[in-house]
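In case you want the letters, here they are:
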Amino acid sequence: MQNPKLKRLIVGVGGGIAAYKICEVVSTLFKSGVEVKVILTNSAQKFITPLTLATLSRHPAYTDEAFWQSDRSRPLHIDLGEWADLILIAPLTANTLAKLVYGLADNLLTNTVLASKCPVLLAPAMNTDMWEQTVVQRNWQQLLTEQRFHGIGTGSGLLACDRVGAGRMAEPWEIAAYVQSLLHTAGQTDLAGKQVLISAGGTREYLDPVRFIGNPSTGKMGLALAQAALHRGANVTLVHGSASWDIPLGVKAIPVVSAEEMRSHMVRCLPNADVIIMSAAVADVKPRDYSQEKLAKKELPEALPLEPVPDIVAELAQLKQPHQRLIGFAAQTGDIVKPALEKLNRKNLDAIVANPIDEPGSGFGGDSNQAIFLDKQGRQLEIPPCSKLQMAHHIFDLLQSN
Ligand SMILES: Cc1cc2nc3c(=O)[nH]c(=O)nc-3n(C[C@H](O)[C@H](O)[C@H](O)COP(=O)(O)O)c2cc1C
Ligand SMILES: CC(C)(COP(=O)(O)O)[C@@H](O)C(=O)NCCC(=O)NCCS
Ligand SMILES: [Mg+2]
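Thresholds applied
- Residues numbered from 1 in each chain as written.
- Chains lettered and ligands numbered in written order.
- Predicted model: local features only at pLDDT ≥ 70, side-chain atom pairs only at ≥ 80, totals over all residues.
- Heavy atoms only, no water.
- Phe/Tyr/Trp six-rings, centres within 6.5 Å; stacked < 30°, edge-to-face > 60°.
- Buried < 20%, exposed > 50% of the residue type's maximum accessible area, 1.4 Å probe, protein only.
- Lys NZ or Arg CZ within 6 Å of the ring centre and 35° of its normal.
- Helix = DSSP H or I, 4+ residues; strand = E, 2+ residues; numbered from the N terminus.
- Pairing = 2+ DSSP bridges.
- Near = heavy atom within 4 Å.
- Polar contact = N/O pair within 3.5 Å; in protein donor to acceptor, adjacent residues only side chain to side chain.
- Areas by Shrake-Rupley, 256 points an atom, 1.4 Å probe, with all protein chains shown as cover.
- Nonpolar A, V, L, I, M, F, W, Y, C, P; charged D, E, K, R; others polar.
- UniProt positions renumbered as here; feature names shortened; annotations may be inferred.
- Patch = residues over 30% accessible without salt bridge, like charges linked within 9 Å, V, L, I, M, F, W, Y side chains within 5 Å.
- Salt bridge = Lys/Arg side-chain N within 4 Å of Asp/Glu carboxyl O.
- Axes fitted to C-alpha atoms, helices over the stretch in contact; angles between N-to-C directions.
- Parallel < 35°, antiparallel > 145°, perpendicular 65-115°, else oblique.
- Left-handed = near helix turned anticlockwise from the far one by under 90°.
- Contact = heavy atoms within 4.5 Å.

### What to know about the packing of aromatic side chains
Here is step 1: Under the defined criterion, the tally for this structure stands at three aromatic pairs.
Here is step 2: Between Trp131 and Trp140 the ring centres are 5.5 Å apart and the planes differ by 65 degrees, which places this aromatic pair in the edge-to-face class. The same class applies to Trp131 and to Trp140, which are both buried.
Here is step 3: If you follow Lys37 out to its NZ or CZ, it ends over the ring of Trp83, 4.3 Å from the centre.

Here it is as structure tokens:
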């Protein structure tokens, strides 16, 4: 999904056990069209072989042995540094972090970072005590104050030393998505300091403890919007119904079940938000009656009396201040433009994304989508089929360009 001009990635692998996950990152990115070259530190080679990464990346994997070879017409770190559009370092060790803070350059990886100007994405992985050391935290915070460095992680969970705590490396899918975002934006954090509030997924309106009215929404479009906003520097709150994914590190997630619950969280979070995107598929109706006990088959009514649930987007539109921007989604079959335009005007939205759920490779569940973006300035722009993350970036590009 990268910007067509930006697609050259160097992956620097550090000497930590989390290095085993980098094969998947390299493979995923290669398959999505990114050109990948890998540099391994000496310690990284104790965990994973250059041969594996060379094979997955379809390029030589570079080591300090290559750095010191005398058969090159130009130094390798200069060639690699000039070649890269983006450098990912994962896992980032405490050792390499400290070197980067001080500009130390005693191996191919650190020399390549100094010999390049592109953005650098860092994915640390460490034992909890290592990660929480004052000196490590100070190094981490200091490095992130520099514009070219972007950080992902760490998460909390089981570590390789059997400890449960902070220091887990971000998962491959999160790292790959962050790379895609930075290749799209060239590292520009145009949403820095902004609060972005997103709703995602389907809501469920229960009839009894096991049966509900719902829809097939998986929340993947909302997840992609949350990732794109986060990677562009925003603080992101994601109010989500049923979801089939893990929450990205750095996103504040609020799980909900019903439309009423979603409404109350969206209304509560609204005052702090700069941009509000309603990509959730809210059930329009709920059963009028709810039974605390599971209804026996024979107790089920022949016809289900229904009543409307709150119209969340309409309420947000009424409550919002002029500086806040509210974007809706309209999942439609058939003619998608007319009903979306009508919803944009009737609900007083700033923009709406009309989503043809009956087109192949678009709509519920999958990883790709297509849409027509309409706004109150009268723009009507087609977003051709692309990944949901790429669509999310197109939407933010359009919002930022007026
Ligand atoms: C089994 C093992 C696991 C290690 N895991 C980590 C780790 O997760 N994070 C870390 O910062 N260092 C870890 N280290 C220590 C680094 O390998 C060591 O600091 C090394 O000098 C890092 O070199 P590099 O930064 O050039 O890759 C580990 C060492 C061993 C022996
Ligand atoms: C090691 C691992 C990648 C394992 O992940 P997994 O449980 O998903 O297989 C994850 O626990 C992690 O990122 N840990 C941080 C680094 C670490 O554990 N270092 C070794 C401690 S001495
Ligand atoms: Mg609706």
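Now that the structure is up, let's keep going.
### A few points about the pairing of strand β18 (residues 351–356)
Here is step 1: A large share of β18 lies buried, amounting to six of its six residues.
Here is step 2: Alternating residues of β18 divide into Ala351, Val353 and Asn355 and Ile352, Ala354 and Pro356, and every residue in both groups is buried.
Here is step 3: In terms of strand pairing, β18 meets strand β19 (residues 368–375) through four bridges, oriented antiparallel. Counted as the bridge partner of Ile352 is Leu374 from β19.

### Examining the site of ligand 2
Here is step 1: Around ligand 2 sit 14 residues in total, of which Tyr20, Lys21, Leu158, Arg168 and Met169 are the nearest.
Here is step 2: Contact distances for ligand 2 include 2.7 Å between an oxygen atom and a side-chain N or O atom of Lys21.
Here is step 3: Take Leu158: an N or O atom from its main chain is 2.8 Å from an oxygen atom of ligand 2.
Here is step 4: For ligand 2, the protein covers 74% of the area, taking 550 Å² as the surface of the free molecule.
Here is step 5: In terms of residue class, the shell around ligand 2 is made up of ten nonpolar, two polar and two charged.

### Here we look at the UniProt feature "domain: Flavoprotein" (unreviewed entry) in the chain
Here is step 1: In this numbering, the UniProt entry assigns the feature "domain: Flavoprotein" (unreviewed entry) to residues 7–180.
Here is step 2: Between the first and last C-alpha atoms of residues 7–180 the distance is 9 Å; the span itself is 41% helix and 22% strand.

### Describing the UniProt feature "active site" (unreviewed entry) in the chain
Here is step 1: Per the UniProt record, "active site" (unreviewed entry) is annotated on Cys161.
Here is step 2: Inspection of the secondary structure puts Cys161 in the loop between β7 (155–158) and β8 (164–168).

### Overview of a nonpolar patch on the surface
Here is step 1: On the surface, a nonpolar cluster with roughly 340 Å² of combined accessible area is contributed by Ile17, Tyr20 and Phe47.
Here is step 2: Topologically, Phe47 is positioned in the loop between β2 (35–40) and α2 (50–57).

### Looking at the site of ligand 1
Here is step 1: Lining the immediate surroundings of ligand 1 are 14 residues, of which Gly15, Thr41, Thr93, Thr96 and Ala125 lie closest.
Here is step 2: The side chain of Thr41 places a nitrogen or oxygen atom 2.8 Å from an oxygen atom of ligand 1.
Here is step 3: Taken by itself ligand 1 offers 640 Å² of open surface, and the protein chains cover 62% of this.
Here is step 4: With three residues, the single largest contributor to the shell around ligand 1 is helix α5 (residues 94–102).
Here is step 5: Looking at the shell around ligand 1 residue by residue, the classes come out as six nonpolar, eight polar and no charged.

### Some details on the packing of α5 against helix α8 (residues 134–144)
Here is step 1: For the pair α5 and α8, interaxial distance at closest approach is 9 Å and the crossing angle is 50 degrees. Classified by the angle between their axes, α5 and α8 sit oblique to one another. Pair α5 / α8 crosses with left-handed handedness. Contacts from Ala94, Leu97, Ala98, Leu100, Val101 and Tyr102 of α5 reach α8 at Val136, Asn139, Trp140, Gln142 and Leu143.
Here is step 2: Of the residues belonging to the contact of α5 with α8, the class tally is nine nonpolar, two polar and no charged.

### Observations concerning unusual backbone geometry
Here is step 1: The omega torsion of the bond from Ala90 to Pro91 falls at -10 degrees, within 30 degrees of zero and hence cis.
Here is step 2: Structurally, Pro91 is set in strand β4 (residues 86–92).
Here is step 3: The peptide bond linking Gly153 to Thr154 adopts the cis configuration, its omega dihedral lying at 5 degrees.
Here is step 4: Within the fold, Thr154 resides in the loop between β6 (149–151) and β7.
Here is step 5: If you check the backbone angles, Arg58 has positive phi at about 60 degrees while not being a glycine.

### Some remarks on the sheet that holds β2
Paired through backbone hydrogen bonds, the strands of a sheet run either parallel or antiparallel to each other.
Here is step 1: In space, the six strands of this open sheet follow the order β3-β2-β1-β4-β5-β6, with parallel pairing throughout. Edge strands, defined here as strands with exactly one partner in the open sheet, are β3 (61–62) and β6.
Here is step 2: Two elements, strand β1 (residues 8–13) and β2, share six bridges in a ladder whose sense is parallel. Counterpart to Val13 in the pairing with β2 is Leu40.
Here is step 3: This element, α5, spans β4, β5 (120–124) and β6 of the sheet and lies at about 140 degrees to β4.

### Let's talk about the sheet that holds β19
Here is step 1: Strand order across the open sheet formed by eight strands is β13-β12-β9-β14-β17-β18-β19-β20, with mixed pairing between neighbours. Each edge of the open sheet carries a strand with a single partner, namely β13 (252–255) and β20 (380–387). Geometrically, the sheet is characterised by an average inter-axis angle of 15 degrees between neighbouring strands, direction not taken into account.
Here is step 2: Sheet topology note: the β19/β20 ladder contains six bridges and is antiparallel. Looking at the pairing, Ala371 lines up with Ile383 of β20.
Here is step 3: Lying on the sheet, helix α13 (residues 337–346) is in contact with β17 (325–332), β18, β19 and β20; it crosses β19 at an angle near 50 degrees.
Here is step 4: Contacts between helix α14 (residues 388–400) and the sheet are confined to β9 (195–200), β14 (275–278), β17, β18, β19 and β20, with β20 contributing the most and set at about 155 degrees to the helix.

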